[in-house]
Structures are given as structure tokens and as C-alpha cells.
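# Overview (structure and organization)
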Amino acid sequence: MTPSAAAGAAASAVPLPYARRDVRLFWWAGTCDALGSQVSGLVLPLLLLSLGWSPAEVGVVAGLSAAATLLLGPLAAVPADRGARKRVMVGAAVVGAAAMACVAVTVGRGTVLPAVLLTAVLVERCATSCYEAASLGTVALVSPPGEHRRVLSRLQAGERGALVLGPALGGLLFHTGRWLPFLADALSYAVAAGCIRAMRADLAPVGEHRSPAGAPRRGPRALAAEAGAGVAVIRRDPFLRLAFVWLTAVNALLVALYYTTVFALQGGGRGTAALGLVLALAGAAGLGGALLAPGLAGRHPAGRVLVPVSWLLVPPAAALATAREGWQFGLLFGLLCVLTPLATVALQARIIQVTPPALQARTGTVLATAAGAGAALAPALAGLAADRAGAAVTFTGCALLLAALALYATCVAPGLLRATAEGDA
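This structure is a prediction, so every number in the text was calculated from the model and none was measured. (Residues numbered from 1 in each chain as written. Predicted model: local features only at pLDDT ≥ 70, side-chain atom pairs only at ≥ 80, totals over all residues. Heavy atoms only, no water.)

### Section: the nonpolar core
General note: in soluble globular proteins, nonpolar side chains tend to be found buried as a group. Of all hydrophobic cores here, the largest spans 60 residues; its most connected members are Phe239, Trp246, Leu257, Val309, Leu313, Phe329 and Phe395. For this core, the elements supplying multiple residues, two or more each, are helix H9 (229-236), helix H10 (238-267), helix H11 (272-297), helix H12 (302-312), helix H13 (314-319), helix H14 (326-354), helix H15 (360-389) and helix H16 (391-424). If one sorts the elements of this core by residue count, H10 sits on top with 15 residues. Non-local contacts of leucine 257, meaning those with residues more than four positions away in its chain, are made with Ala317, Leu320, Phe333, Leu336, Phe395, Cys398 and Leu402. By size, the runner-up hydrophobic cluster in this structure holds 52 residues, among which are Leu25, Leu44, Ala104 and Val107. (Core = buried A, V, L, I, M, F, W, Y, C linked by side-chain atoms within 4.5 Å. Buried < 20%, exposed > 50% of the residue type's maximum accessible area, 1.4 Å probe, protein only. Helix = DSSP H or I, 4+ residues; strand = E, 2+ residues; numbered from the N terminus. Contact = heavy atoms within 4.5 Å.)

This is the structure we're talking about:
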């Protein structure tokens, strides 16, 4: 048995008498959490601006929130991998619900203290970071390996659906009452906490047990070493290195393409209606791609799915340089969004299989942190490129980078397929 097969067997050794029920509960928890985040995330900048905050101050809040997410995730993954995954997720969701309820009450009373609002928002972001980090690896603990792609695609479909519905719902609630979107987010956290609490599985990898109350405390260096264990796993495994590069690059380039689309629409004198059309088409396409992923990619190894998808991403990205109307941008960006889930679901399923069960959260957090960092830098780089060279040149540059990524996948993936086949033999 290969190391990857051993990892999958160890992960699936957890008793699964309530697998279907637990998968449904996990889906509801993730979808409700994503929907609440989209509802409040859209209107938070509008609220801050309406209270007299400057765009620079709003940007600082967004930057601090992103930094908290990137820093806390690897630390929260340590207790999750050591057997406290369910407790971390439930606790983080409860804290997030309390923080958003505080924001709703503060805004509803009409006397918004900046310090209180900022503290509550940062606490909620930290709670979300801990919840998301701890949730990584849950799929391997509640479903057998043969179901991973189907479960992952449904989870991604729920997130995509929240991306489509959330902004519209947030805008409607904000128009009705400025405090309502934050109450909705608080309720979504409460639902997520209840769903995770109701799961029958303890969400602990085989062989991992909660630390006894009298166990010695680990120092900062030991905690940092444990948090960085996922980096070592990725460095050792060729497939995880490929997934690291591909996921980080594609996530950053898609964000760059989106913001360049925004700049192009604004520069052409088109209003928010055109941008709304792009978002609607992209969200619907991403939802469709997530639903199609298991059927189209389920019969092929991740490497064989990755190469054609990588090359198919290049033409729509390049064609964005010639787009002029909102529907053209929406159609091309929608093609990108319908293709990426086909590869990401296949990659995520394989990542679960090759990652040791006791390192699922830490390894997944490294991948998510890298992708998040790339996405955080992409808007600034896209804005700088569009300002200096224009939107058309920026689109072309992104397409060339996608072509370079496709060439890299073409060169690396076949060797990984041969190594996997030889190891399984």
C-alpha cells in the first residue's frame, strides 16, 4: 500500500454509521456560514462609509481583517488536528454569532461607537478564520474516499450559491434596516454552530485524542513548529507542491481578472448594472461548474483533469482584452468560473487522499493561506497594471501567466500520474 493509500485508509477508518446525516449537517453549516458572510460583507463598507469613515479607513479595516485571517488560521489548525476540531468549530461559530449580534444591536440603537464596531468586526473575522481552518479535513472524517469528490462539489456549490444570493439579500436587508444584515449573519453562525454540534462523528482523526487536563503546556516555539507542519508535508509531496502552485496562481489571477474587468467597465462609462451582470453570470457559472465537477472529473485522476482545464482557461482570459459590453465580460468570466471547479474539486479530493489524517487541517490551511495571500495582493497589482498599461494589456498579461501555469502543469502532472500508477501497482 502506498503512503497516499495508507492515508486514505486511515482517514476512512473512522466509523461512519451517520455519514450521510453528518455530511448534510456539514453542508448546511458551511452554506449558512458562507451566506451570512456574503450578506454582511457586502454592506459593511457601505455602513462604514455612511458613518463618515473615509475610504482609506475602510481599507485599513479590510486589511486588518485579512491579516487576522491569515495569521490565526494556522494556529487554529493545530488543536483541530489534535482532536478538538468539533470544539474549535462550534466555539468559533458561537463567538462569531456573538460578535455579529453586537454589531446588529449597536447599529440598531443608532449610536455606533467606532471602537466597539471595529472590535466586533475583528473578533468576527478571527472567529471565521478559526472556523474555516478547523473545518479543513472534515470531509475525510465523515465520508469514504469514493465520495470525496461528490461531497466537495456539493460544498463548493453551496458556497457558490451563497455568493450569488448573498449580495442581493444583503442589499435588500440593508435597505430595510441597516442592522438586519448583521443579525442575519449572527443567525447564520448560530445555525452553523448547531449543525456542527449535532454531528455524530467526533471529527478526530484515528489515533488522535484530546489532551488531558493536566498535560504540560506547549511553548510558543513548539506551537509554531506544529502550526508549520503542513508546510513540511507540502514540501515533501510532489502532488501537493503542484496543487500549492496551481491553486495559489489561479486564485490570484481570477481575482486580478475580476478587478481588471471592474476597471474596464468603469473606464468605458458603464454603470453598476454591467458589473452586476458580470457577477450574476460568474456566480451562476461557478455554481454550474461545481455541480458538474463530480460527473465530468470523477472518472479521471486529478492530473489528467488539471492539464486540459489549465489550457482551457487561457482563451477566455485572453478574449477579455477584446470585450467591450457587459454581457461579453460576463460570458467570458463565466467560462472561467465554470471551468475552475472542475480542477479544484479534483485537486481537493486528491489532497485529502495524500495528506496524513492528523495533518489535514494544517496542510489545508497552508494551501488556503497561500491562495488568500495571492488574492489579497491581486487587486493592488491589477490596479497598478491597469493604471500604467491599460486594461487590455493587463488581461493579456494574466492570460500569458495562465498559459505559463498550464505549461507547468503539463510538464509536471504526467510524471505524478506515472508515479501514482507505479505506487498503486
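### Section: the packing of helix H2 (residues 19-50) against helix H6 (residues 148-176)
Here H2 crosses H6 at 35°, and the two axes come no closer than 7 Å. Considering only the axes of H2 and H6, their crossing is right-handed. Here the residues of the contact of H2 with H6 are counted per class, giving 19 nonpolar, six polar and two charged. (Axes fitted to C-alpha atoms, helices over the stretch in contact; angles between N-to-C directions. Left-handed = near helix turned anticlockwise from the far one by under 90°. Nonpolar A, V, L, I, M, F, W, Y, C, P; charged D, E, K, R; others polar.)

### What about the side chain of histidine 148?
With respect to the element layout, histidine 148 can be found in helix H6. Those residues in contact with histidine 148 that lie beyond four places of it in its chain are Val139, Ala140, Ser143, Ala349, Ile352 and Gln353.

### Remarks on the packing of aromatic side chains
Following the criterion strictly, the structure yields four aromatic pairs and no others. On the basis of an interplanar angle of 55° and a centroid distance of 6.1 Å, the ring pair of tyrosine 258 and phenylalanine 333 is categorised as tilted. Here the residue tyrosine 258 occupies a position in helix H10, and phenylalanine 333 occupies one in helix H14, the gap between them amounting to 75 residues. For the ring pair phenylalanine 329 and phenylalanine 395, a centre distance of 6.2 Å and an interplane angle of 40° mean the geometry is tilted. Highlighted residues: phenylalanine 329 in helix H14 and phenylalanine 395 in helix H16, separated in sequence by 66 residues. (Phe/Tyr/Trp six-rings, centres within 6.5 Å; stacked < 30°, edge-to-face > 60°.)

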